[in-house]
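Residue strings, one per chain:
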Amino acid sequence: MSWEEMFKGDFAAEDVRAYGTLVENLHAVQNALAAMPMDREAIDGLAADLASWRDRLEPAVTDEQHQVNGRVAELPVRGHAMLPELRVSSRTKDRVEGTVRFGRWFMGGGMAVHGGAVSLLFDEVLGILASLAAGGITRTAYLHTDYRALTPIDTDLEAVAWIDRVEGRKWFVRGEIRHGDVVCAEGEGLFLRLLPEQGLGRRTED
Ligand SMILES: CCCCC/C=C\C/C=C\C/C=C\C/C=C\CCCC(=O)SCCNC(=O)CCNC(=O)[C@H](O)C(C)(C)COP(=O)(O)OP(=O)(O)OC[C@H]1O[C@@H](n2cnc3c(N)ncnc32)[C@H](O)[C@@H]1OP(=O)(O)O
């Protein structure tokens with residue numbers, strides 16, 4: 001199963017581009033907000049603006065099958081606004097490589113990326129690779145992250161993920177985030193190919 005077969009929604013190309021621009025602007029807002037000083041006037045103004053966004057968006061909320069977020073194969077990280085943008089430079093069935101830049105929004109402290117955001121990226125990239133290699137949706141059973149060095153924000157990092165081994169339904173996938181020669185973090189995850197009755201997002205006990 002190809003990336004497009006697995007993730008492509010039936011959105012028009014120009015709508016996809018427009019959504020990509022929306023997410024880009026949202027990320028720019030998040031990064032600037034995370035870096036703003038205490039400024040009561042700006043805070044009150046922004047809070048009022050955001051309340052009007054909420055009034056505009058909430059009446060249009062739709063179900064998972066009709067939402068756009070995370071369902072756009074053509075955009076970085078499926079156009080999932082929660083995720084740091086990974087720009088894939090090469091993808092084969094058992095390896096993905098790309099660059100990622102974490103903005104100020106993802107900072108934990110000391111101008112370094114929050115550890116949870118590092119794991120978030122691993123879950124996405126390792127999970128997608130597992131799903132592509134398995135030819136069907138997988139679910140994370142465990143995810144282990146080793147933080148080897150601080151991961152800097154606001155700079156291009158290399159991200160790579162590869163299939164380590166496969167045992168039946170169990171896909172063991174590894175990854176690395178590097179800044180130049182420095183390995184910032186290593187990830188290792190076990191992803192279970194879902195059984196037909198498990199479906200997408202359905203609980204196993206259902
Ligand atoms: C037309 C438009 C289409 C557009 C498509 C749109 C969108 C795209 C859709 C989807 C996006 C897809 C991917 C998204 C990409 C990334 C997302 C990241 C993935 C996640 O973020 S996902 C959420 C977090 N994830 C969970 O919420 C899991 C909760 N959990 C469970 O759902 C179950 O727990 C499960 C399923 C994991 C296993 O349950 P199960 O019943 O299937 O399997 P079972 O327990 O029998 O285990 C079988 C064998 O695995 C071994 N095993 C199991 N667990 C283990 C562990 N932890 N450690 C070591 N070994 C383990 C056993 O020991 C046994 O091993 P053995 O066979 O050798 O004995």
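As shown above, the structure is provided for reference.
Overview of the structure. All of these numbers come straight from a predicted model, not from anything done at the bench. (Residues numbered from 1 in each chain as written. Predicted model: local features only at pLDDT ≥ 70, side-chain atom pairs only at ≥ 80, totals over all residues. Heavy atoms only, no water.)

## Observations concerning the site of the ligand
Here's step 1: Near the ligand there are 22 residues, and of these Asp-123, Arg-139, Arg-169, Lys-170 and Gln-198 occur at the shortest range.
Here's step 2: A distance of 2.6 Å separates an oxygen atom of the ligand from a polar side-chain atom of Arg-139.
Here's step 3: Here Thr-140 contributes a backbone N or O atom positioned 3.0 Å from a nitrogen atom of the ligand.
Here's step 4: Residue assignment for the shell around the ligand shows that the elements contributing at least two residues are helix H1 (3–7), helix H4 (115–134), strand E5 (138–147) and strand E8 (182–193).
Here's step 5: In terms of residue class, the shell around the ligand is built from nine nonpolar, five polar and eight charged. (Near = heavy atom within 4 Å. Polar contact = N/O pair within 3.5 Å; in protein donor to acceptor, adjacent residues only side chain to side chain. Helix = DSSP H or I, 4+ residues; strand = E, 2+ residues; numbered from the N terminus. Nonpolar A, V, L, I, M, F, W, Y, C, P; charged D, E, K, R; others polar.)

## A look at the pattern of salt bridges
Here's step 1: The full count for this structure, using the stated rule, is 13 salt bridges.
Here's step 2: Note that Arg-148 is salt-bridged to Asp-146, the shortest N-O span being 3.8 Å.
Here's step 3: A relative accessible area of 53% means that Arg-148 is categorised as exposed.
Here's step 4: Counted as one network, the salt bridges with shared partners bring together Asp-164, Arg-165, Glu-167, Lys-170 and Arg-174. (Salt bridge = Lys/Arg side-chain N within 4 Å of Asp/Glu carboxyl O. Buried < 20%, exposed > 50% of the residue type's maximum accessible area, 1.4 Å probe, protein only.)

## So, the pairing of strand E2 (residues 95–100)
Here's step 1: The alternating pattern of E2 places Val-96, Gly-98 and Val-100 on a buried face and Arg-95, Glu-97 and Thr-99 on a face that is not buried.
Here's step 2: As paired strands, strand E1 (residues 86–92) and E2 are joined by six bridges and run antiparallel to one another. Across the sheet, Leu-86 pairs through a bridge with Val-100, a residue of E2.
Here's step 3: With antiparallel pairing between neighbouring strands as the criterion, E1 and E2 make up a hairpin whose turn holds two residues. (Pairing = 2+ DSSP bridges.)

## Let's talk about the environment of Pro-152
Here's step 1: Of note, Pro-152 is situated in the loop between E5 and strand E6 (157–167).
Here's step 2: Judged by its relative accessible area of 19%, Pro-152 falls in the buried class.
Here's step 3: Between the C-alpha atom of Pro-152 and that of Gly-103, which follows or precedes it by 49 residues, the distance is 9.4 Å.
Here's step 4: Look past the residues within four positions of Pro-152 in its chain and what remains in contact with it is Met-111, Ala-112, Val-113, Leu-157, His-179 and Cys-184. (Contact = heavy atoms within 4.5 Å.)

## Comments concerning the pairing of E8
Here's step 1: Pairing geometry for E5 and E8, over nine bridges, is antiparallel. From the neighbouring strand, Tyr-142 faces E8, where its bridge partner is Leu-190.
Here's step 2: Sheet topology places strand E7 (residues 170–179) next to E8; ten bridges connect them, and they run antiparallel. Note that in E8 the partner of His-179 across the bridge is Val-182.
Here's step 3: Counting the residues in the hairpin turn of E7 and E8 gives two residues, including Gly-180, whose phi is positive at 60°.

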